[in-house]
Amino acid sequence: MKNKKALFFGSLIVISVFFSFQSKFFEIAKQIEIYNNLFKELNINYIDEINPGELTDKAIKNTLKNLDPYTNFYNEQDVEDARIRREGEYGGIGISVFYTKKGISVLEVYKGFSADKAGLKAGDIITTVNGQKLIELAKNQYSQMLKGTPNKELSLIIDRNGTLKNIDLKLDKVILNPVPFYNMIDAETGYIILTKFTNQKATQEVAKAFNELKEKGMKKLVFDLRNNPGGSLFDAVNITNIFIPKGLKVVDTRGKTKKNSNIYKTRRDPLDTEIPVVVLINDRSASASEIVSGALQDYDRAVIMGERSFGKGLVQRYFKLNYGTQMKATISKYYTPSGRCIQELDYTNRDAKTGQVPKFSEGTVNQFKTKNGRTVYDGGGVNPDIKTGFSKKSVETKKLLKSKAIFNFVTDFTNKNENLITDNFSFKTENFTDFKNYLLYKDTSFVSKEEKLFKKAYHSVKNNNDISTEYKAIIQKLKKEKVAQIVINKSFLSKEIQNQIIKRYVYKEGLFKHQLKNDETISKAVSLLNNQKKYTSILTK
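This report concerns the structure included in the present document. (Residues numbered from 1 in each chain as written. Predicted model: local features only at pLDDT ≥ 70, side-chain atom pairs only at ≥ 80, totals over all residues. Heavy atoms only, no water.)

## Re the overall build of the chain
Helix and strand content of the chain: 15 helices and 21 strands. Radius of gyration (C-alpha) of the chain: 27 Å, near the 24 Å computed for a compact globule of 541 residues. By principal-axis analysis of the C-alpha atoms, the chain measures approximately 90 × 75 × 55 Å. The long-range fraction of contacts in the chain, counting pairs at least 24 apart against all pairs at least 6 apart in sequence, stands at 68%. Put simply, the chain shows about 30,300 Å² of open surface, and 53% of that area lies on carbon and sulfur atoms. Counting 89 positive and 60 negative side-chain charges, the chain places the averaged centre of each group 5 Å from the other. (Helix = DSSP H or I, 4+ residues; strand = E, 2+ residues; numbered from the N terminus. Rg over C-alpha atoms; globule rule 2.2 N^0.38 Å. Contact = heavy atoms within 4.5 Å. Areas by Shrake-Rupley, 256 points an atom, 1.4 Å probe, with all protein chains shown as cover. Lys, Arg positive; Asp, Glu negative; His and termini not counted. Charge placed at Lys NZ, Arg CZ, Asp CG, Glu CD.)

See the structure below:
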C-alpha cells in the first residue's frame, strides 16, 4: 500500500513538473509570436522606411537593460568590439575613443603605435576618414572606420581646438599590455600594476613582472589593482595562485543550474607563498579584482589597502546566437573562499516604479571568518584591512565623473600649456579655481538634475525671451550650487585631474612613474611593509 501511495504521489510530481514546463514553454512561444506579428505589420504598414536590424537591436537591448547592466545583446559588430576588449589585441591605430555628433573623439593615445607616431593627441576629433565625413554616417558605423588589417593606409582630417589638420598613417597590430608598468620602489620593495584581467595575458605578464623583480632583489610587493574593472575569471584564479598553494579554493560560483555552479581551485605550484604583499584597491576595482583581493584577504595572504571595492559579484557568460550575434548573460554569483558574496546592488528587487536598485550593504550584512579567524563582511565590495583615500563622493561629484567635463578641461589645459614639465607637477589650489571657473562659464557636459528640469521648464514657455535675463541668472545660481557640491571632494578631484594631465604628456607609463614617487597610498603601503610587526598583526586575529 505504501509503495502504491509513493508511486501515486511521485507520478503527481512528474505530471506537475511536466505541465509547469509546458506552460512556461507556451508562454515563451506566445510572446515570440506576438513580437513576430508586430514586427511584420510594422515593417509592411509603417509610413516611413524602417531599418529591421536597428529596430531589433534596440528592442532586445532595451529588454535586457531592465535585468542588470551586464546582461547584453551583441550584434555582429558588437561581438568584434567585445572580443577586442577581452583580448586586448586588434588591428587599429592605437587609441581609445568615444563618439560625438562631430565625429570620433580621441580619449587616449597609446604610446608607440601609429596614432602616436603621427602626432594624434587626446582631445582631437576625427571628422573624416579616407574622404568619408563621419557626420554623414550612423554612430554605430564609426568603429569600422579605424579598423582593418595591419598596414592599411588611412587619411584622416582632425579638428584640434577648432583647427583642421590632415594626418596620414597606417593600421598597426595593437596589443595592449595589462601590466603596463612594474619597478622597484626601493632596494627591497617591488611594485606591479595590473590594469585589466585579459585572457591569458594578465597571468603571464604578472608572473613575468614578479620574477624579474625577484631577480632585482624584491622581498616585499605592492600589487596595485586600483581602477581595474576586472575581466577573465580564469586569470583571477591563476593570479591568486601566484601567492597561495596548489589545491585551494579561490572562488565558487552559484547559479540556477548545476552547469553554472562551479568551484575554482588553484592548479599550479605558486611562485611565492611567503613574500609580504599589500594589495591596493579602490571603488573602481571590480569583478576579477575583487576575486583576487577577496581570496588573498580570506587566506590572510596579503593586507588589502585603500577604499572599498566596487561590489560586482555577478558572473557572465557569452552565448552564441544566430548570424554571428551573441548574448552575454549573468548566470551566477561568485563567493570568496570564506563564503562572502561581494555583490553590492540587488537587481532582483529593483523598484518597478522608480527603477531604483537597493543595496545589499543597506540591509543585513553577514559576518565571515578568514583563515586566521579575522572577521570580514559581505554585502558590497571588499572592505580593505586599512582604509585610505578620500571622503565619500557627493552626488554631484559622481555626476561630474560620468560627464566629459574633466576630459574637456584637461584638453583645454594641455592646449594652453604645451611644454609642461611633469616630474613634480601637482594640481594646486589656483588650478582648482581655474577648473571651477571652467565649469561655471565654459563647460556644457556636466549638468545637474536641477539645471535639466529648469531648462526644460524654460523652453516649454512661449515667448520665453521676456524672462531670458532672469533665466540666465537662475541657471548661473544653480551652477554655483552644483560647483559648491563638488568642492567637498576637492582633494580627490585634484588628484584625478592631475593624473589625467600627466598622462597626456607622458602616457600611462609616465603617470605610473610619477605615482611611484608621489602617490600617498603607495607610500603608506611601503611604510607598512617596512614595519613587519604591524603587517603581521593586521593578518592575525
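The structure having been displayed, the exposition proceeds.
## Re the packing of aromatic side chains
According to the stated counting rule, one finds 16 aromatic pairs in the structure shown. Centroid distance phenylalanine 210 to phenylalanine 243: 5.8 Å. Interplanar angle 80°. Geometry classified as edge-to-face. On the criterion of sequence distance, the pair formed by phenylalanine 210 in helix H5 (residues 201-215) and phenylalanine 243 in the loop between helix H6 (233-241) and strand E13 (249-255) is long-range, its members being 33 residues apart. Under the relative-accessibility criterion, phenylalanine 210 is labelled buried at 1%. Its relative accessible area of 2% is what places phenylalanine 243 among the buried residues. Members of the aromatic cluster, connected to one another through ring pairs, are Phe409, Phe413, Phe425, Phe427, Phe432, Phe435 and Tyr438. Taking NZ or CZ as reference, arginine 254 lies 3.7 Å from the ring centre of tyrosine 335, over its face. Just above the ring of phenylalanine 492 sits the side chain of lysine 393; from NZ or CZ to the centre is 4.5 Å. (Phe/Tyr/Trp six-rings, centres within 6.5 Å; stacked < 30°, edge-to-face > 60°. Buried < 20%, exposed > 50% of the residue type's maximum accessible area, 1.4 Å probe, protein only. Lys NZ or Arg CZ within 6 Å of the ring centre and 35° of its normal.)

## Remarks on the sheet that holds strand E16 (residues 303-306)
The strands making up a sheet associate through hydrogen bonds between their backbones, and the pairing can be parallel or antiparallel. Reading across the sheet, the 6 strands line up as E10-E11-E12-E15-E16-E21 and stay open at both edges, with mixed pairing between neighbours. Either end of the sheet is taken by a strand with one partner, and the two such strands are strand E10 (181-184) and strand E21 (386-387). Both strand E12 (residues 220-224) and strand E15 (residues 277-281) contribute to a ladder of 4 bridges, which runs parallel. The partner of phenylalanine 223 across the bridge, within E15, is valine 279. The strands that helix H7 (residues 288-298) touches are E12, E15 and E16; relative to E15, the one it contacts most, it runs at about 140°. (Pairing = 2+ DSSP bridges. Axes fitted to C-alpha atoms, helices over the stretch in contact; angles between N-to-C directions.)

## Structural notes on the packing of H5 against H6
In a pair of packed helices, the angle between the axes and the distance between the axes together describe the arrangement. Two numbers describe how H5 lies on H6: the axes approach to 8 Å, and their chain directions differ by 20°. The angle between H5 and H6 falls in the class roughly parallel. Here H5 runs over H6; the crossing is right-handed. In this structure, H5 uses Lys201, Ala202, Thr203 and Val206 to contact H6, whose residues at the interface are Asp235, Asn238 and Ile239. Residues that form the contact of H5 with H6 fall into these classes: 3 nonpolar, 2 polar and 2 charged. (Parallel < 35°, antiparallel > 145°, perpendicular 65-115°, else oblique. Left-handed = near helix turned anticlockwise from the far one by under 90°. Nonpolar A, V, L, I, M, F, W, Y, C, P; charged D, E, K, R; others polar.)

## Details of the packing of helix H10 (residues 429-441) against helix H13 (residues 490-518)
Taken N-terminus to C-terminus, the directions of H10 and H13 make an angle of 90°; their axes are 11 Å apart at the nearest point. Taken together, the axis directions place H10 and H13 in an arrangement best described as roughly perpendicular. Listed contacts from H13 to Thr429, Phe432 and Phe435 of H10 are Lys490, Leu493, Ser494 and Ile497. Among the residues making up the contact of H10 with H13, the classes are represented as 4 nonpolar, 2 polar and 1 charged.

## With respect to helix H12 (residues 468-486)
Because the α-helix completes a turn every 3.6 residues, residues three or four places apart line up on one side. When the terminal C-alpha atoms of H12 are compared, their 27 Å separation across 19 residues agrees well with the 27 Å that a helix rising 1.5 Å per residue should span. Those residues of H12 that sit buried are Tyr471, Ile475, Leu478, Lys479, Lys482, Val483 and Ile486. Buried residues of H12 fall within an arc of 140° about the axis and therefore sit on the same side. Opposite the buried face of H12, at more than 90 degrees from it, the exposed residues are Thr469 and Lys477. Those residues of H12 that are buried are in contact with helix H8 (395-402), H10, helix H11 (449-459) and H13. (Expected span 1.5 Å × (residues − 1). Arc of directions from axis to C-beta.)

## Examining unusual backbone geometry
Phi is mostly negative for residues that are not glycine, and the peptide bonds are mostly trans. At asparagine 161, a residue that is not glycine, the phi angle is positive and equals roughly 55°. Looking at the element boundaries, asparagine 161 is found in the loop between strand E7 (153-160) and strand E8 (163-170). For asparagine 161, a relative accessible area of 59% corresponds to the exposed category. Within the chain, tyrosine 507 stands out as a residue other than glycine whose phi angle is a positive 65°.

## What about H7?
Among the 11 residues that make up H7, 11 are buried, leaving the element largely enclosed by the rest of the structure. Along H7, the positions that sit buried rather than exposed are Ala288, Ser289, Glu290, Ile291, Val292, Ser293, Gly294, Ala295, Leu296, Gln297 and Asp298. Positioned one or two residues after H7, aspartate 300 has a phi angle of 55°, which is positive.

## A word on the pairing of E10
Alignment of E10 against strand E11 (residues 189-193), held across 4 bridges, turns out to be antiparallel. By the bridge assignment, phenylalanine 181 is partnered in E11 with isoleucine 193. In sequence, E10 turns back onto E11 through a hairpin of 4 residues.

## Comments concerning the pattern of salt bridges
For the structure shown, the criterion picks out 22 salt bridges. Its salt-bridge partner being arginine 308, residue glutamate 344 comes within 3.5 Å of it at the nearest N-O pair. Here arginine 308 lies in the loop between E16 and strand E17 (314-320) and glutamate 344 lies in the loop between strand E18 (326-335) and strand E19 (367-369), a separation of 36 residues in the sequence. Classification of glutamate 344 as buried rests on a relative accessible area of 6%. With a closest N to O distance of 2.9 Å, lysine 482 and glutamate 451 form a salt bridge. Here glutamate 451 lies in helix H11 and lysine 482 lies in helix H12, a separation of 31 residues in the sequence. (Salt bridge = Lys/Arg side-chain N within 4 Å of Asp/Glu carboxyl O.)

## Overview of the nonpolar core
Considering soluble globular proteins, one finds that nonpolar side chains tend to be buried as a cluster. Ranked by size, the top nonpolar core spans 41 residues in total, and within it Leu194, Leu221, Phe223 and Val279 carry the most contacts. Of all elements in the fold, only H5, E12, H6, E13, E15 and H7 reach the threshold of two or more residues within this core. For valine 279, the contacting residues outside a window of four places in its chain are Phe223, Leu225, Ser293, Leu296, Ala302, Val303, Ile304 and Met305. Grouped together as the second largest cluster of nonpolar side chains are 22 residues, Ala405, Val410, Val483 and Ile502 included. (Core = buried A, V, L, I, M, F, W, Y, C linked by side-chain atoms within 4.5 Å.)

In short, geometric facts, not functional conclusions.
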